[in-house]
Amino acid sequence: MLIKNQKREFYECIQHKRVLILVAFDVDALCACKILQYLLQCDHIVYTIVPVAGKEDLEKAYVDNSEGIQHVVMINCGASIDVVELLQPEDGVCFYICDSHRPVDVNNMYNAVQVKLLVKPDDLTNVPEFDEVFRDEEESEESDDDEDGGGRKKLTDEVIMRRQERRKWEENRNKVLFDYMKFSSYGTAASLVMFEMVWKLSKDTNDLAWLAVIGVTDQFVHFRIPREKYMESVMALQSHVSRHNHRGDEDETLMSVNCLKIMFDEELQLTLYRHWSLFDSLCHSMNMACRFKIWTLKGQKRLHEFLAEMGIPLVQCKQQYSAMDSQIKADVKRLMQEHMTKYGLTMQDLILPSFIAHYGFKIKLCAADVVLGCAAVLEGVDRNKSPTDNFLEAQDVLNRSNTESLEKAIVSAKRQASALMAQVRTFQDTHQIACAGPFLYAVMQEGSADLKFFSQPQCLTRLARFLLEAQSVVTRNRRVTSIPLVLTIPTVSDSETLLVIGIPPLDTDDERKNFFGKAFEQAAASTTSRTRHNFFDTHIIELKSSDRTKFLDALVSLLT
């Protein structure tokens, strides 16, 4: 059931109670969790936080921590699955779901007792009517045996009519549910929903606004929402940021040096450029690398030509950005905009309206940089650390007073970006991306040096998108922008298991709707392939290596 009054239907219900918080492994969920933590700490509400990586983790976490719990908050997990069916809670337990995954399961939508949805009403579109998907149980059919022949015939006709009516209703229900569930997408960021609730409770701060900014940016960086949806969220946040950061001249002089200041600006869409050299950032940014085809010798020459035309010496480009000449740094954005047309660049490739934070005498932080750093820590590759350790470290990264953690996270993000670029170059050099008819197909070979990075959902998503963008600029096939991509990689933990991800075509960027979740389910069912649908993102599954051929054949047949 959708919550209409968050204060009365959610916050007042959990006060003076112990709360269990289940959090997915993504940056938006982490930011939403920290915002909720702040709110609970304000009113001394006892809580337990448990990170969950998938549906099996979710079930285990609930079983292990549900004793004495009546209120469970689920952040970026649970909306797309029937939580009551999966978790089998006691009657008095209530689940509050703040999740950006769409569509919302109809059982969650219409459960008025145990499931409460902390989502924006605008995100709930095309939800089937209650009568289309739920129906009262029919009374048991009367026995056909009757001494009166005429009465028996009449009774039989009624039974047949009831059965026909029920069959038609079930066929219509299956069609309605399939139409509703066939595309997966994302709604408003969980962190923005949480922040707006805290604002309505008059407990918002500048730090919480920054967390909401990071959460919204995470959705854009990991290709969950289109640019238009991102801009809507940014404009919603801009008023809050302006309110918290608007100070007069007198306040400015009295303000502590360590206060957080957030500014809205048109940011260069370059990966970690403030923490790298400009040249390295250009080479590792997906949009720039694909436009210049940086993995080729000709592409590298074009990049050097681009820098020369802007009048930026190569010595300046290849040193740390923070050490560059101040005048050059001030002119970089303007120079790129002046010369971008000649090299096939657009404003959307180059500029991203975003927010920048700085405090004290530290370097400025772009929201996208924090997202990449935090995601790299969340999906850490150190085998000596558990997922919970990574989750706690990622929380430290978002604590602005802990600059050491952030610096380490940025180093991890640069290592991840280098692995992405190296893998894309390998695929392009060896021509490993093939057209399987209705989709492009790529296979990462076992034993790849950077395999450990891509065994995680967020980094895998960025790799798949990078490969599709790269293929669109090197192929002469004009249809490539309307063709999706399926990528399979071996898992680190089990050599007999593959990770399979499907991403939609580039020309559907205005919607970012993904049909692979349902397609994978149907292909697996029709071939009895051994699959594991554990991730909250339905377009990523695990598949047994021996079933790959028949699974992909079924997928081709299904999508043709």
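Up top is the structure.
The following paragraphs examine the structure supplied in this document. Computed from a prediction, not measured in an experiment: that's the story for all the values here.

Reading the values: rules and limits
Residues numbered from 1 in each chain as written. Predicted model: local features only at pLDDT ≥ 70, side-chain atom pairs only at ≥ 80, totals over all residues. Heavy atoms only, no water. Helix = DSSP H or I, 4+ residues; strand = E, 2+ residues; numbered from the N terminus. Rg over C-alpha atoms; globule rule 2.2 N^0.38 Å. Buried < 20%, exposed > 50% of the residue type's maximum accessible area, 1.4 Å probe, protein only. Areas by Shrake-Rupley, 256 points an atom, 1.4 Å probe, with all protein chains shown as cover. Lys, Arg positive; Asp, Glu negative; His and termini not counted. Charge placed at Lys NZ, Arg CZ, Asp CG, Glu CD. Core = buried A, V, L, I, M, F, W, Y, C linked by side-chain atoms within 4.5 Å. Contact = heavy atoms within 4.5 Å. Expected span 1.5 Å × (residues − 1). 1 Å grid on protein atoms, 1.4 Å probe; cavity = no way out; pocket = protein on both sides within 12 Å on 5 of 7 lines; lining within 4 Å. Points joined across faces, edges and corners; volume = space filled by probe spheres on them.

1. Comments concerning the overall build of the protein
And step 1. Broken down by element type, the protein carries 23 helices and 16 strands.
And step 2. Computed over its C-alpha atoms, the radius of gyration of the protein comes to 26 Å, within 12% of the 24 Å expected for a compact globule of 560 residues.
And step 3. Oriented by its inertia axes, the alpha-carbon framework of the protein measures out at about 100 × 60 × 45 Å.
And step 4. In the protein, which comprises 560 residues, the share counted as buried stands at 52%.
And step 5. Taken as a whole, the protein presents about 26,100 Å² of accessible surface, with 48% of it coming from carbon and sulfur.
And step 6. Charge-centre separation for the protein: the mean point of 65 positive side chains lies 7 Å from the mean point of 81 negative side chains.

2. Brief notes about the nonpolar core
And step 1. Within the largest apolar cluster, 111 residues are counted, with the highest numbers of intra-cluster contacts made by Phe10, Ile75, Met194 and Trp210.
And step 2. With residues near it in sequence (within four places) discarded, Ile75 still touches Ile21, Leu22, Val23, Ala24, Ala29, Ala32, Cys33, Leu36, Cys98, Ala190 and Met194.
And step 3. Listed in part, the 62 residues of the second largest apolar core include Ala289, Ile294, Phe427 and Leu499.

3. Section: helix H21 (residues 457-474)
And step 1. Helix length check: H21 (18 residues) gives 26 Å between terminal C-alpha atoms against 26 Å at 1.5 Å per residue, within 8%.
And step 2. Among the 18 residues that make up H21, 16 are buried, leaving the element largely enclosed by the rest of the structure.

4. Points about the layout of surface pockets
If a probe the size of a water molecule is rolled over the atoms, the empty space left behind becomes visible.
And step 1. Looking at the second largest pocket, its volume works out to about 1,100 Å³.
And step 2. In terms of lining residues, the second largest pocket is bounded by 40 residues, among which Phe220, Phe223, Gln269, Met286 and Asn287 are the most central.
And step 3. Per-element accounting of the lining of the second largest pocket gives the leading share, 6 residues, to H21.

5. Details of unusual backbone geometry
And step 1. Of note, the amide linkage connecting Arg102 to Pro103 takes the cis form, showing an omega dihedral of 5°.
And step 2. Take Pro103: it is sitting in the loop between strand S5 (101-102) and helix H5 (106-110).
And step 3. The residue Gln88 is not glycine, and still its phi comes out positive at about 50°.
And step 4. With respect to the helices and strands, the residue Gln88 is situated in the loop between helix H4 (83-87) and strand S4 (94-98).
And step 5. Backbone geometry places Lys293, a non-glycine residue, at a positive phi of 55°.

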